[in-house]
Amino acid sequence: MTSVWRLDSATQTLVLGSNDDLPSVIYWGAPLPQDEDLNTFCASAQLDVTGGMLDEVPPITICPVAGDSFPGQAGISIRTARGKRILPVFSEVKVSSSGAILQISARDAGHGLTYSAQFAADDATGIITASASLNSDEPIVVEHFCAPVLPAQQQSEEMIDFAGKWIGEMQSVRTPWQAGARMRDNLTGRSGHEHFPGLYLPATGTKNTSGEAHALHYGWAGGHRLVAEELPDGRRQVQFSHASGSYTEAGTTFASAPLYLAYSDHGLNGCAVAFQRHVRDRIITWPRRKRPVHYNCWEAIYFDHNLETLSEIADRAAALGAERFVLDDGWFGKRDDDTSSLGDWVLDRRKWPDGLTPLIDHVHSLGMSFGLWFEPEMINPNSDLYRAHPDWILGRADQTLGRQQMVLDIAREEVQEYLYERISQVLSENAIEYIKWDHNRVLPANDVAQTRGIYALMDRLRASFPSVEIESCSSGGGRMDYGILEHTQRVWLSDSNDALERLRIQHEAALFLPAAVTGSHVGPRHCHTSGRNLDISLRAWTAAQRHMGFEMDPRELTEDEARVLTNVTSWWKANRDWMFEGDIHRLDAPDPEITAEIQIAQDGSEFACFVAKTANFKQVLPRPVRLTGLQRDAFYEIELINYADSTSASPPSRGANALKSRKLTLSGAALMTSGINLPCSFPDTISVVQGRRLDDTKSKIRSQE
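What comes next concerns the included structure. Along each chain, residues carry numbers from 1 onward, in the same order as the chain's sequence is written. In keeping with the model being predicted, local features are shown solely for residues with a pLDDT of at least 70 and side-chain atom pairs are shown and tallied solely at 80 or more, while totals for entire chains, interfaces and linings include all residues. The basis for the side-chain values is all heavy atoms of the structure; hydrogens and waters are excluded.

This paragraph deals with the overall build of the protein chain. For helices the rule is a DSSP run of H or I covering at least 4 residues; for strands it is a run of E covering at least 2, with both sets numbered from the N terminus onward. Along its length, the protein chain carries 14 helices and 35 strands. Radius of gyration: over C-alpha atoms. The globule rule applied is 2.2 Å multiplied by the number of residues raised to the 0.38 power. In summary, the protein chain has a C-alpha radius of gyration of 27 Å against a globular reference of 27 Å for 705 residues, a match within 12%. Considered along the principal axes of its C-alpha atoms, the protein chain spans approximately 75 × 70 × 40 Å. For each residue, the accessible area found with a 1.4 Å probe, counting protein chains only, is set against the maximum for its type, and the residue is called buried under 20%, exposed over 50%, and partly exposed in between. Relative to its 705 residues, the protein chain shows a buried fraction of 59%. Every residue pair with non-hydrogen atoms within 4.5 Å of one another is taken to be in contact. For the protein chain, the proportion of contacts with a sequence separation of at least 24, taken over those separated by at least 6, is 69%. Each accessible area is a Shrake-Rupley estimate made with a 1.4 Å probe; only the visible protein chains count as cover when residues are assessed. Of the roughly 27,000 Å² that the protein chain leaves accessible, carbon and sulfur atoms contribute 48%. Separation between the mean location of the 67 positive side-chain charges and that of the 92 negative ones in the protein chain comes to 4 Å. Note on charges: Lys and Arg go in the positive column, Asp and Glu in the negative column, and His and the chain ends are not counted at all. Charge positions are represented by NZ for Lys, CZ for Arg, CG for Asp and CD for Glu.

Encoded structure:
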């Protein structure tokens, strides 16, 4: 290599090298010593050549190009405005390093192209952010353009990406590495239930709490394209970009979304915690950091809005501990079901003859703030807006509908202006501090301009109403990427309020999302999406693991259920501040029937461990659950805080399990190696163990007296 550069965060190092061409990432992994001889390091990484190969091994540059004998997927595919293929030849490479930022530019003078890339390291979170842009002297058509391409380690047998569906988001998919490419091309126009834009690359044997892992997230709310490819020589590359066909028009300026990179040498959790911290502390702009307990009325009333009923529900919700009341779909136009009125953002005076003020005043009198549902990007054919502006839709007039609706073409300035004026009027005339922003269908065609239009509209509203928070809901978790989170403060993880399904979804989502942004609500006793009846303790403690809320009709609760929910809500309020700033660590469950995690305060002073049992074990007794992330030589006072929640007249635990009756003091080493022994329990239950670090020997002695 004629030139070598490095970039370091607290948790990882990138080394890039170049022979006067586009640089390649030579190394991505654990921090290297600052006095590492990078020229010698790159020389040691030089690959051999043998029979049946090219005379040299083509590098995996940060933007591999076709026409350069590269044997894999190219990172760029472009044409002239008239359709002629362009094979770029980038030279005139310039690299500048300033602190934690590495900037790269290259020129193809023959085709009038300028390529730029940037890598930025964040020492506090450990994340490295990479992005790329392309400028052309003349309009060109971009079919495919990647963020900077990364190598994938070869000490790995599989990759983990994520599929899903409505009410079944974040389904991890483990795919063995093998010759050829694993490609996910999401053409839905949103990040989607089906194609979450994230990838984990665990080394062989890596678990949640141990081993080596690399991870990537593409911060884009439109569809993305992922290529994870093993070349014939055994090398591996990973590419992220906008989905194929995202650019519908010729242009002169193109850019990737940010690509967020994490590395860990202590399991998947190391990457997960880095992502969680980066989202919370770098990506999101917070109008306020304290998270109020939500109440959302959707599953209580659906479209049946009535002031007296909603006031009674608000009374009950406030008594349970709710601090924010959200009025969901059905307040506007003539919206009695999901077949009409999207786009007509004018109050329905049949339901609200005196406006929303009477309900808002009542909510405020109970000490709660008020939030309101919108679905700005959508339009029903049966709406005044569609009758006035049928040309404002995205796609053909005869397209297949989704949930009886079409998509507005948000790239049009007049559409953005209309939506801004309508939403602004509602926000100006009412004391609203929260928007639930929904998005209930895929796009008829993928379009980068649509996503940019959404960003612009959200930014304009936030500038005008800086105290209003926005939740990204997209039929649940259909749009919860880092791109949308730059413009919002919360995601609705799933439309499923089934606690068992929620446990799995939020467990997987913790690989990318902190508790502070992840909405989780206590649903009805009889779940509307699964048909299951689940105990209130399981439902409440599942919601208490994230940003807590309620979404049942509180009038259905028995006295015992109300007691349990009130107690759990009080616990969450008492602990939410440290949980907001803390980290979620997934535990390596000793049995497949267990879903377990530990949330640890930023200063390590306290933790809460949640152990859910979703089915009976094959063996008789529960195995110990090992904790993680604790200080080995510190002592912790631990307590099983929810054993009394059990409503069973004959609980299965009949022995003298110590945690049933008293607090215990154990070292971090003991908790992480021997683990905790929990009482026997029925399926579909959860045990919550809270721990507090004891900072001196006297405290340890007092706790054992």
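On we go from here.
On to the pairing of strand 29 (residues 547–550). The side chains of a regular strand alternate, first on one face of the sheet and then on the other. Burial along strand 29 is two-sided: the face carrying His-547 and Gly-549 and the face carrying Met-548 and Phe-550 are both buried. A pair of strands is labelled paired if DSSP reports no fewer than 2 bridges between them. Note: strand 20 (residues 294–296) against strand 29, two bridges, orientation parallel. Bridge assignment links His-294 to a residue of strand 29, and that residue is Gly-549. In terms of strand pairing, strand 28 (residues 518–522) meets strand 29 through four bridges, oriented parallel. Paired with His-521 across the bridge in strand 29 is Gly-549. By definition, the crossover connecting two strands over a helix is right-handed if that path, from the first strand to the second, turns clockwise as seen with the strands pointing away from the viewer. A crossover links strand 28 with its parallel partner strand 29, the connecting element being helix 11 (residues 536–543), and its sense is right-handed.

Strand order in this closed barrel of eight strands is 20-21-22-25-26-27-28-29, and the pairing throughout is parallel. Within this sheet the neighbouring strands show an average axis-to-axis angle of 30°, counted without direction. Sheet contacts for helix 11: strand 28 and strand 29; angle to strand 28, the most-contacted strand, approximately 165°. Axis lines are fitted through C-alpha atoms, for helices just across the contact stretch, and the angle between N-to-C directions can take any value from 0 to 180 degrees.

In terms of residue burial, strand 17 (residues 236–242) counts as a mostly covered element, since seven of its seven residues are buried. Hairpin connection from strand 16 (residues 224–230) to strand 17: five residues lie between these consecutive antiparallel strands, with Gly-234 at a positive phi of about 100°.

Below, the discussion takes up the sheet that holds strand 16. Read from one edge to the other, the open sheet built from four strands follows the order 10-17-16-13, with strand pairing classed as antiparallel. The sheet is open, and its two borders are formed by strand 10 (150–151) and strand 13 (180–185), each paired with just one other strand. Pairing of strand 13 with strand 16, which is carried by six bridges, proceeds in the antiparallel orientation. Residue pairing across strands places Arg-184 opposite Leu-226, the latter belonging to strand 16.

Looking now at the nonpolar core. By nonpolar core we mean a set of buried residues, namely Ala, Val, Leu, Ile, Met, Phe, Trp, Tyr and Cys, connected to one another through side-chain atoms within 4.5 Å. Membership of the largest hydrophobic core comes to 171 residues, with the highest contact counts inside it found for Phe-325 and Trp-331. It is helix 12 (residues 559–581) that contributes the most residues to this core, eight residues altogether. In this view, Trp-331 contacts His-305, Trp-345, Leu-347, Asp-348, Trp-352, Leu-372, Trp-373, Phe-374 and Val-426; residues no more than four positions away in its chain are not counted. With 23 residues, the next largest nonpolar core counts Leu-587, Leu-627, Leu-664 and Met-672 among its residues.

Our next topic: the pattern of salt bridges. Whenever a carboxyl oxygen of Asp or Glu lies within 4 Å of a side-chain nitrogen of Lys or Arg, that contact is scored as a salt bridge. Across all of its chains, the model carries 48 salt bridges by this definition. Of the charged contacts in the structure, one is a salt bridge between Glu-561 and Arg-539, with a shortest N-O distance of 3.7 Å. Residue Glu-561 is located in helix 12, and its partner Arg-539 is located in helix 11; the two are separated by 22 residues in the primary sequence. The buried category is assigned to Arg-539, whose relative accessible area is 3%. One salt-bridge network, in which partners are shared between bridges, spans Arg-288, Arg-291, Arg-324, Glu-433 and Glu-469.

Think of an α-helix as turning once every 3.6 residues; residues three or four places apart then point the same way. Along helix 5 (residues 357–365), the positions that sit buried rather than exposed are Leu-359, Ile-360 and Val-363. In a view along the axis of helix 5, the buried residues occupy a sector of 95°, so they form one face of it. Check the buried side of helix 5 and you find it contacts helix 4 (307–320), strand 21 (324–327) and strand 22 (369–374). Directions drawn from the helix axis to the C-beta atoms are what define this arc.

A few words now on helix 12. Any helix carries an expected span of 1.5 Å times its number of residues minus one. The first and last C-alpha atoms of helix 12 sit 34 Å apart over 23 residues, in line with the 33 Å expected at 1.5 Å per residue. Every buried residue of helix 12 is accounted for by Glu-561, Val-564, Leu-565, Val-568, Thr-569, Trp-571, Trp-572, Asn-575, Arg-576, Trp-578, Met-579 and Phe-580.

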